[in-house]
There are 2 protein chains.
Amino acid sequence: MIKNPFYTSEHFQGKYESYEIGSLELEEGETLRGCKLAYRTFGHLNAAKDNAILVTTWFSGTGKIMEDVYVGPEHALDPNKYFIVIVDQIGCGTSSSPQNTPAPQSMAKFPKIRIGDDVRAQHKLLTEKFGITQLALVTGGSMGAQQTYEWVVRYPDMVKRAAPIASTARISRHQIIFTETLQEALMSDPAWKDGWYEDGMHVRRGMDRMAKIVALQGWSQEFYQEERFRTILGMSSLTDFMNSFMKAYFEPMDPNALLYEVWKWQRADISRNTGGNLETALKSIKAKTFVLAISHDMFFPPHECEADQKLIPDSQFRLIESKEGHFALNGFEPKYMEQVDACLRELLSM
Amino acid sequence: MIKNPFYTSEHFQGKYESYEIGSLELEEGETLRGCKLAYRTFGHLNAAKDNAILVTTWFSGTGKIMEDVYVGPEHALDPNKYFIVIVDQIGCGTSSSPQNTPAPQSMAKFPKIRIGDDVRAQHKLLTEKFGITQLALVTGGSMGAQQTYEWVVRYPDMVKRAAPIASTARISRHQIIFTETLQEALMSDPAWKDGWYEDGMHVRRGMDRMAKIVALQGWSQEFYQEERFRTILGMSSLTDFMNSFMKAYFEPMDPNALLYEVWKWQRADISRNTGGNLETALKSIKAKTFVLAISHDMFFPPHECEADQKLIPDSQFRLIESKEGHFALNGFEPKYMEQVDACLRELLSM
């Protein structure tokens, strides 16, 4: 275990709770013992217990960014109307993760987690802790959308509505290559020591290399060409943006946590539930589903997201315009959240 | 110096000549002494000396691929009509390069080369060796197009027609980041030894990492999603494609040569000739110019190429359709060369 202040409530993450769901038998065969989920709630569960919304989290993120950007009385995810539960994914640093799990499952011995493991753990939290048996909505962006897709396939009768944002239901081959380059950039740093480093900061060279590759596809070409790192992020040059934004973003995080998340991201595939048949999986979805894609997304191009949507029975496709590409998810521009809120409000009214 | 059979006529490159242009004073301030250009010619220079075509080369390529794919009686670049000179860029392994230059300019001490240095050296070869004072056409793809752009700005009265294929006139910010990730992938290999390795094969881990990042953007997302590595390249899986095509392609090459080319690629900018003003540079072009872009190119997106074209006085924009993205340049599909030939024939008839 490593003490990393970044993942604590006091230093960065804001107030969150932790729920121990016990032993989680994982899809890969190992059992994660004493598995904990970090979560935060907003609003109140009504008597009928039918106003619950589950919000999932993306790569390198936690509930903090979802709370800050997506939840509030001014948003579709309004705590005055809904009981909103944001659950941090396993391996992200706050929920059970390589750096906060005791031996013998610590660090490089932390077991491999799949999207399906997260969703089963979240189901346990929602049913056991809150007695929730119906979700008014499940939503999340990127890896959060991978979890959203998994939810509607795995628990079709529990989810009334779903809004996966900026992800496909199955990882694309291009994303498989992309995520490999992230892993290689980090793991090639000798200081990573096969996952047994003493301090995440020692692995900064590998982390920096990874940050640059993330930057390559996370934003759009227009973001760079129009120097939106100046206008949107207030960075003074490309180098300033790379050092003081991209590398700075990843610097306090745990290298192994990022690697475990990338491993999971790379393998997201709802067709694991239907013998490898993606069409069957998508057609099995009962939730009223809005598939949201971001116009300039180089991770999950809109036409790939739309191809999924077309196979989901009760669904609509919505294109969110943003030159920030995939990272528009972070809500840098008010215009982004206005579009997402409009979609979610419409979906919630149906 | 390192003996690398890959760059010899016998082993891979086919027949090529070498012309020593002597000392080349470089834009970065150093002088490359005994600078040699590798070149190959096809057809005959007519008496009027007005049927010469210059073909330039791209990153990791030499005249071999240009000869094989672009030149022949069935192509627009027809040796029965034109005197075609293909010149390999400096630093590519055949022309003066880190691995074939003697001390004190060998290996990591090889001086940094810019696109403008190549073009001045090519000018010397064409005028001194062949007495050519007018070029019917300059064309090349990718870094070859960077040289093409440099030619028409630097020698506006010598070039009658130009066809830059799949490149912008100035490197984009996104490409700056991309090329940095290539450098970092390779240079982070301890076996690179700051450029003083004993054998390029020792640096394979870094080269392999680089190959994967090249693959990420060199092809299109559709290329991966539609498994065109099977249909177009005959590879049996994504891993087979990565190992037996992408990594295999780079494996015999010299790591320093690739790094010097990337350094040059990263800094291509015709506005260096006009005090940093790109518009002035593009408007100064006198050549009849066809700007060719590839529909699915993630290196040089069509709309960025077209933005350049709009500023060139006597120019037209042509979109080449290919789901191979930037690497369509290699002519994997007959459909690609048919489109390029049609464009070049039309341009040459004007």
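Residues numbered from 1 in each chain as written. Chains lettered and ligands numbered in written order. Predicted model: local features only at pLDDT ≥ 70, side-chain atom pairs only at ≥ 80, totals over all residues. Heavy atoms only, no water.

Here's the deal with the overall build of chain A
Looking only at helices and strands, chain A features 13 helices and eight strands. At 19 Å, chain A has a C-alpha radius of gyration in line with the 20 Å of a compact globule built from 350 residues. Projected onto the principal axes, the alpha-carbon positions of chain A cover approximately 50 × 50 × 40 Å. Classification of the 350 residues of chain A by burial places 63% in the buried group. Pairs at least 24 residues apart make up 75% of the contacts formed inside chain A by residues separated by at least 6 positions. With an accessible surface of roughly 12500 Å², chain A has 49% of that area assigned to carbon and sulfur atoms. Of the charged side chains in chain A, 38 are positive and 45 negative; the average position of the first set lies 3 Å away from that of the second. (Helix = DSSP H or I, 4+ residues; strand = E, 2+ residues; numbered from the N terminus. Rg over C-alpha atoms; globule rule 2.2 N^0.38 Å. Buried < 20%, exposed > 50% of the residue type's maximum accessible area, 1.4 Å probe, protein only. Contact = heavy atoms within 4.5 Å. Areas by Shrake-Rupley, 256 points an atom, 1.4 Å probe, with all protein chains shown as cover. Lys, Arg positive; Asp, Glu negative; His and termini not counted. Charge placed at Lys NZ, Arg CZ, Asp CG, Glu CD.)

Considerations on the UniProt feature "active site" (unreviewed entry) in chain A
Residue and element names in this part refer to chain A. Here, the residues flagged by UniProt with the feature "active site" (unreviewed entry) are Ser142, Asp297 and His326. In three dimensions, the annotated residues from a span of 185 residues occupy one location, with a maximal C-alpha spread of 10.6 Å. By the secondary structure assignment, serine 142 is in the loop between strand 5 (137-141) and helix 4 (143-154). According to the relative accessible area criterion, serine 142 is buried, its value standing at 6%. Apart from the residues lying within four places of it in its own chain, the contact partners of serine 142 are Trp58, Ile165, Ala166, Ser167, Phe300, His326 and Leu329. The buried category is assigned to aspartate 297, whose relative accessible area is 4%. (UniProt positions renumbered as here; feature names shortened; annotations may be inferred.)

Re the sheet that holds strand 8 (residues 315-320) of chain A
Residue and element names in this part refer to chain A. If you trace the eight strands from one edge of the open sheet to the other, you get 1-2-4-3-5-6-7-8, paired in mixed fashion. With partners counted over all chains shown, the strands left at the sheet margins are strand 1 (17-25) and strand 8, one partner each. Pairs of neighbouring strands in the sheet enclose a mean axial angle of 20°, with direction left out of account. The pairing of strand 1 with strand 2 (residues 31-42) spans seven bridges and is classified as antiparallel. The residue bridging glycine 22 from the neighbouring strand is cysteine 35, located in strand 2. Across the face of the sheet, helix 2 (residues 63-70) comes into contact with strand 2, strand 3 (52-55), strand 4 (83-87) and strand 6 (161-165) while running at roughly 20° to strand 2. With respect to the sheet, helix 3 (residues 115-130) is in contact with strand 1, strand 2, strand 3 and strand 4, its orientation differing from that of strand 1 by roughly 125°. (Pairing = 2+ DSSP bridges. Axes fitted to C-alpha atoms, helices over the stretch in contact; angles between N-to-C directions.)

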